[in-house]
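Examining the three-dimensional arrangement
Chain residues, written in single-letter form:
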Amino acid sequence: MKRIHRLLIANRGEIARRIQRSARALGIETVAVYSDADRNALHVREADQAICLGGATASQSYLNRDALLAAVRDTGADAVHPGYGFLSEDADFAEAVTEAGIAWVGPPPAAMRAMASKAAAKQTLEPRGVPMIPGYHGDDQSDARLLEEAERIGFPLLVKASAGGGGKGMRVVEKLELVADALESARREARNAFGDDRLLLERYLVNPRHVEVQIMADTHGNVWSLFERDCSLQRRHQKVVEEAPAPTLNDETRHAMWKAAEVAASSIGYVGAGTVEYIVDASGDFFFLEMNTRLQVEHPVTECITGLDLVALQLRVAEGEPLPEERPSHPAGHAFEVRLYAEDPDQDFRPTTGTLSHVVWPRGLGVRIDTGIESGSEVSPFYDPMLAKLIVHGANRDEALARLNRALAETRLVGLTTNLDFLRRLCAATDVADFNIHTHWIEAHRDLWQHQPDQPACWSALAASVVQNHQDAGHTDPWQRLSGWRRFQQRRWLYNRSETEQCLVTEHQGVWRAHCATETLTLSDVTVEHLGDGHFRLQGREGQHRCQLDAWPDATGIEVDDGHSRWHQVWWQAEAAHEDGQGGDGQVKALMPGTVTAVHQKAGAQVKRGDKILSMEAMKMETTLTAPVDGTLVQCSLLVGDRVEDGQVLFVVDPEEEVAA
């Protein structure tokens with residue numbers, strides 16, 4: 001038995017930090033590798049040693065086998081953990097590591113190769129009783145044979161790349177005359193993505209579920225199945241939400257899945273952590289999909305319901321230790337995981353890049369965050385856009401889902417467009433609570449991201465005004481250029497969103513009101529707290545409802561998040577004005593359209609600065625305008641009921657001339 005003393009983690013981001021955590025707990029030193037783009041990343045700073053692989057792209061760094069092997073030699077590492085992605089399922093790299101006398105924290109290269117091809121895997125496992133979807137996985141790849149097999153299997157039919165994953169090289173075909181075109185396009189995409197254009201055919205299951213079983217095996221012949229996870233909430237074959245155990249399965253089906261997964265692992269001499277994935281049809285029948293010969297992204301939900309540290313088990317197995325004598329006999333509670341991505345749901349989930357200026361993670365019982373980012377982290381275009389995994393655990397599914405929704409509401413990601421709002425809407429959906437879902441459910445409910453709620457203009461303006469009011473008078477832009485003023489103990493802020501849309505915010509005796517077109521917001525008992533680093537928390541009462549939002553102002557605008565949605569509002573330019581929004585030349589203009597409700601002085605009157613001249617109603621609120629200077633009211637022709645337009649001159653006061661001494 002050979003103990004691991006120094007572990008090189010051939011990965012980055014959250015999974016590198018996750019592995020570091022378990023290694024440290026076992027007293028193992030960790031070596032981080034990094035690209036030029038990741039020089040300041042958390043996983044680099046937290047490792048015992050760190051070595052640069054060079055370059056910024058994955059091919060120059062994390063996929064560079066020679067650079068990684070050199071890093072192993074240079075640091076004296078005696079084991080390599082590949083994490084997931086990158087080279088985690090590269091049998092050639094695993095073989096090079098083991099041939100160098102270094103422990104590979106993963107399955108033997110032969111087992112990886114046995115499962116690398118979906119077609120070969122099915123040919124291996126079907127004779128051993130692992131259930132397969134009706135299909136064709138043969139070596140004859142001629143169009144004639146594939147067309148013949150397509151007609152035999154029936155429709156709808158799935159044309160699928162034998163190598164790779166992630167939805168590439170996959171086509172759903174509804175009838176025989178469309179098969180030839182599907183074969184051509186799937187081959188081309190598979191060849192470009194994987195360098196392998198072999199295809200397999202399968203009966204396409206309508207609205208199926210995706211369920212997978214966690215496997216752990218050692219070098220002593222022990223194979224464990226550690227229950228199952230449901231990963232049916234997917235987008236383009238990429239998992240979005242995972243949960244364990246899988247809801248609504250009967251015990252007979254569960255045990256059959258576990259047994260088939262153990263058979264699959266044993267039949268190829270598997271060692272370490274792996275996952276056997278199944279597709280489940282509407283009747284509850286399940287069929288082998290593929291085996292992932294690595295640790296899965298969603299492994300934390302299994303850790304939650306088993307109480308096991310899967311990474312620690314991987315390391316012990318790599319040292320030659322047997323699995324513990326006892327394994328969990330039943331799942332403990334229920335767990336969910338969601339994946340937070342830097343992507344824009346409004347742009348069909350296009351990846352986004354930039355700086356995450358502020359990151360706030362939820363806390364509390366049963367909440368776990370696996371992440372590689374923090375406030376100030378740069379999200380580059382070179383790698384997968386996943387930012388973090390939010391994991392929750394509860395006594396049952398209802399409790400776990402409630403914790404998930406609360407944790408999402410408390411999460412704050414500022415400065416970059418992410419899928420956070422989408423996840424909030426998704427996890428609050430009734431079908432998710434009732435588990436009325438399947439692998440195409442997200443695509444069938446495109447309104448979750450195509451029709452996002454309008455940005456609440458009143459909240460933006462009110463948040464800006466409250467925060468401005470909280471600031472010290474000496475603060476610099478953007479606050480000094482946002483005009484606020486006091487009249488009869490009332491504070492007022494006016495924002496121009498566009499030439500035709502304005503928003504008026506007022507505060508009087510602790511009650512704040514915002515009027516934006518047809519929208520009105522009133523908050524009482526308003527408090528604001530500066531949490532540091534430009535983070536403000538506003539709380540108030542809207543009627544009987546207590547509400548809270550977080551705000552982050554900067555030089556360009558204000559980011560607001562109320563726990564349901566987040567938005568960034570570019571600063572609305574406030575009217576340039578002296579106090580009362582009036583010019584020093586005695587001319588007073590309307591700051592918004594309105595109606596005259598009272599005229600307090602007539603033309604020719606001598607007035608003092610601050611004397612009431614006229615009142616007008618705008619946005620359901622009456623405002624009294626006063627003389628800006630001492631002098632003579634030379635123009636004031638408006639009458640009660642007159643309509644005034646934005647920018648219209650209301651009255652003019654001719655200033656008194658100063659008498660020379």
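In this report, the structure presented in the accompanying data block is examined. Worth saying up front: this structure is predicted, and the values here are computed from it rather than measured.

Right, let's talk about the sheet that holds strand β10 (residues 209-217) for a bit. Spatially, eight strands are ordered β14-β13-β10-β11-β12-β15-β22-β20 in an open sheet, and the strand pairing comes out antiparallel. Lying at the two open borders of the sheet, with one neighbouring strand each, are β14 (286-292) and β20 (367-371). Geometrically, the sheet is characterised by an average inter-axis angle of 25 degrees between neighbouring strands, direction not taken into account. Two strands pair when backbone bridges link them, and β10 and strand β13 (residues 272-280) are joined in this way by nine bridges, in the antiparallel orientation. Looking at β13, one finds that Ile215 is bridged to Gly274.

This part covers the side chain of Lys122. Counting through the fold element by element, Lys122 comes out in helix α6 (residues 118-125). Once you skip the residues sitting within four places of it in the chain, Lys122 turns out to touch Pro127, Met132, His137, Leu200, Glu202, Phe288 and Leu289.

Moving on to the sheet that holds strand β5 (residues 103-104). Whether parallel or antiparallel, the strands of a sheet pair through hydrogen bonds between backbone atoms. With parallel pairing, the five strands of this open sheet are ordered in space as β3-β2-β1-β4-β5. Looking at the sheet topology across the chains shown, the edges are occupied by β3 (49-52) and β5. Bridge analysis of strand β1 (residues 6-9) against strand β2 (residues 29-34) gives four bridges, and the strand direction is parallel. Along β2, the bridge assignment pairs Arg6 with Glu29.

With that out of the way, let us pick up the environment of Ala120. Along the polypeptide, Ala120 turns up in helix α6. Sequence-wise, Ala120 and Gly138 are 18 residues apart; in three dimensions their C-alpha atoms are separated by 8.4 Å.

Moving on to the packing of helix α1 (residues 13-25) against helix α11 (residues 310-318). Their axes nearest at 9 Å, the elements α1 and α11 cross at an angle of 65 degrees. In the crossing of α1 with α11, the sense of the turn from one axis to the other is right-handed. Taken together, the residues of α11 that come into contact with α1 (itself represented by Arg18, Ile19, Ser22 and Ala23) are Leu310, Val311, Ala312 and Leu315. Here the contact of α1 with α11 is built from residues that sort into six nonpolar, one polar and one charged.

This part covers the packing of aromatic side chains. The tally for this structure, following the rule as stated, stands at seven aromatic pairs. Geometrically, the ring pair formed by Tyr62 and Tyr383 is edge-to-face, given 5.5 Å between the ring centres and 75 degrees between the ring planes. One end of the pair, Tyr62, is in the loop between β3 and α3 (65-75); the other, Tyr383, is in the loop between β21 (377-379) and β22 (386-394), and 321 residues separate them in sequence. Of the two residues examined, Tyr62 and Tyr383, each falls in the buried class.

So, how was this worked out
- Residues numbered from 1 in each chain as written.
- Predicted model: local features only at pLDDT ≥ 70, side-chain atom pairs only at ≥ 80, totals over all residues.
- Heavy atoms only, no water.
- Pairing = 2+ DSSP bridges.
- Helix = DSSP H or I, 4+ residues; strand = E, 2+ residues; numbered from the N terminus.
- Axes fitted to C-alpha atoms, helices over the stretch in contact; angles between N-to-C directions.
- Contact = heavy atoms within 4.5 Å.
- Left-handed = near helix turned anticlockwise from the far one by under 90°.
- Nonpolar A, V, L, I, M, F, W, Y, C, P; charged D, E, K, R; others polar.
- Phe/Tyr/Trp six-rings, centres within 6.5 Å; stacked < 30°, edge-to-face > 60°.
- Buried < 20%, exposed > 50% of the residue type's maximum accessible area, 1.4 Å probe, protein only.

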